[in-house]
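# Overview (structure and organization)
Take a look at the letters that make up each chain.
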Amino acid sequence: MHYFLNKLNKHTIRACLTLLVLSCLLLVSYPAQVSASSQEDLNYMQKRQHMVRLIEDDVRRTSVYLDKEALDPKVMQAMSTVPRHKFVPENRWDDAYQNNPLPIGHGQTISQPYIVAIMTDLLKLSEHDKVLEIGTGSGYQAAILAKLVDQVYSIEIIKPLGLQAARLFKQLDYKNISSKVGDGYYGWEEHAPFDAIIVTAAASHIPHPLIKQLKPGGHMMIPVGSHFITQQLLLVTKAEDGHITTKQILPVRFVPLTGDH
Ligand code: SAM
């Protein structure tokens, strides 16, 4: 009996010791992993704050075009929270918070953060708005809009980009973005009218279906002009009586709006 207890104790003690060592290993390695990822989040957060400063500087420099010295704080808040690095290829994560456009594959780009910020600001959004975006691309602009309004609809003509953005919206839990693959020139009739429309590719003219799908009192931002030179960023306003006015904001350079319209 004594021998049995002795043996049992030895086994029990060995098992307990193994458990203890494993628990210690877990306790040591788990906080290390957590702090590694929070350290990474912190680094990106700091880079994002720096990007916001760069946007603020550019806004001040271009205030004559924008008629303002600073953008809506809510827009800047969105710019300082959306993780832009997640919307660019992983080998460009380190460059994600420079104030530059970046390639996203298929000959397309994620727009310059300053351009995203001013286009969003000039739409004069309200929290219960429904916004249509033409040119989902990486999904970054849609993610910024999703922080500011109730519902975002976004259309991308290049299927792999559209599908990749849809996966990212799901992964990052953006529940108020609906996206589809298609030609955005024709808008998204079944969800029209929209309080605001943003076109993130250069059109040769303002697409008529988009004017139709804009609510009276609504605004549209669209770069218009030739694909080979700089275009003009236009703010299009539909008055309550349906009258359309356009205002040139500043010269920009966007990839072309494609499709067979
Ligand atoms: N908003 C994007 C972002 O945040 O990454 C950047 C857009 S990128 C400058 C322009 C996008 O418009 C490209 O992904 C391009 O494929 C898309 N595009 C071009 N013509 C289009 C069309 N007719 N309908 C929908 N998307 C179009």
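Because the structure is predicted, anything quoted here is derived from the model rather than measured.

## Focus on helix H6 (residues 159–171)
Between its first and last C-alpha atoms H6 spans 18 Å; for 13 residues at 1.5 Å apiece the expected length is 18 Å, and the two agree. Turning to H6, its buried residues are Leu161, Gly162, Ala165, Leu168 and Phe169. Looking straight down H6, one finds its buried side chains confined to an arc of 125°; they lie on one side. Away from its buried face by more than 90 degrees, H6 exposes Lys159, Arg167, Lys170 and Gln171. Structurally, H6 contributes buried residues whose contacts are with strand S1 (102–105), strand S2 (108–110), helix H5 (140–146), strand S4 (151–156) and strand S5 (177–181). Residue Asp173 follows H6 closely and has a positive phi angle near 65°.

## Remarks on the site of the ligand
Close to the ligand lie 27 residues, the nearest being Ser138, Glu156, Asp183, Gly184 and Thr258. Between Gly135 and the ligand, the recorded distance is 2.9 Å, taken from a backbone N or O atom to a nitrogen atom. Take Thr200: an N or O atom from its side chain is 3.2 Å from a nitrogen atom of the ligand. Here the ligand occupies the largest pocket. Going through the elements one at a time, S2, strand S3 (130–134), H5 and S4 are the ones with two or more residues in the shell around the ligand. Looking at the shell around the ligand, its residues break down into 11 nonpolar, 13 polar and 3 charged.

## Side note on the pattern of salt bridges
In the structure shown here, the tally under the stated rule is 9 salt bridges. Residues Asp58 and Arg61 are paired through a salt bridge, measuring 2.7 Å at the closest nitrogen-oxygen approach. One end of the pair, Asp58, and the other, Arg61, are both in helix H1 (residues 2–61), 3 residues apart, so they sit about a helical turn from each other. With relative accessibility at 62%, the residue Arg61 sits in the exposed group. The closest approach of N and O atoms between Asp195 and Lys215, which form a salt bridge, is 3.0 Å.

## So, the nonpolar core
Met79, Phe87, Ile118, Tyr140 and Met221 are the most contacted members of the largest nonpolar core, which totals 55 residues. The greatest single-element share of this core, amounting to 7 residues, is contributed by helix H4 (residues 113–122). Apart from residues lying up to four places away in sequence, Met79 is in contact with Arg48, Met51, Val52, Ile55, Pro113, Val116, Ala117, Tyr140 and Ile144. Counting 21 residues, the second largest nonpolar core, distinct from the first, contains Phe194, Val224, Leu234 and Val236.

## As for the sheet that holds S4
On the basis of which strands lie adjacent, the open sheet formed by 7 strands has the order S5-S4-S3-S6-S7-S8-S9 and mixed pairing. Because the sheet does not close on itself, it has two edges, and the strands there are S5 and strand S9 (244–252). Across this sheet, the average inter-strand angle for adjacent strands is 15°, counted without regard to direction. Contacts from H4 reach strand S6 (194–199), strand S7 (214–224), strand S8 (231–238) and S9, with the element oriented near 165° to S9. Where H6 meets the sheet, it contacts S4 and S5, and its direction lies at approximately 160° from that of S5.

## Notes on the layout of surface pockets
As a volume, the largest pocket reaches approximately 560 Å³. Lining the largest pocket are 36 residues, with Thr109, Thr200, Ala201, Phe254 and Val255 sitting closest to its centre. At the level of elements, S2, H4, S3, H5, S4 and S9 are the ones that each hand at least two residues to the lining of the largest pocket. Its residues assigned to classes, the lining of the largest pocket comprises 18 nonpolar, 14 polar and 4 charged. Its boundaries defined by the atoms lining it, the second largest pocket holds a volume of some 250 Å³. Lining the second largest pocket are 15 residues, and of these Lys86, Phe87, Val88, Gln164 and Leu168 lie nearest its centre.

The rules behind each value
- Residues numbered from 1 in each chain as written.
- Predicted model: local features only at pLDDT ≥ 70, side-chain atom pairs only at ≥ 80, totals over all residues.
- Heavy atoms only, no water.
- Helix = DSSP H or I, 4+ residues; strand = E, 2+ residues; numbered from the N terminus.
- Expected span 1.5 Å × (residues − 1).
- Buried < 20%, exposed > 50% of the residue type's maximum accessible area, 1.4 Å probe, protein only.
- Arc of directions from axis to C-beta.
- Contact = heavy atoms within 4.5 Å.
- Near = heavy atom within 4 Å.
- Polar contact = N/O pair within 3.5 Å; in protein donor to acceptor, adjacent residues only side chain to side chain.
- 1 Å grid on protein atoms, 1.4 Å probe; cavity = no way out; pocket = protein on both sides within 12 Å on 5 of 7 lines; lining within 4 Å.
- Sits in = over half its atoms within 2 Å of the grid points.
- Nonpolar A, V, L, I, M, F, W, Y, C, P; charged D, E, K, R; others polar.
- Salt bridge = Lys/Arg side-chain N within 4 Å of Asp/Glu carboxyl O.
- Core = buried A, V, L, I, M, F, W, Y, C linked by side-chain atoms within 4.5 Å.
- Pairing = 2+ DSSP bridges.
- Axes fitted to C-alpha atoms, helices over the stretch in contact; angles between N-to-C directions.
- Points joined across faces, edges and corners; volume = space filled by probe spheres on them.

Take it as geometry only, folks, not as evidence of what the structure does.
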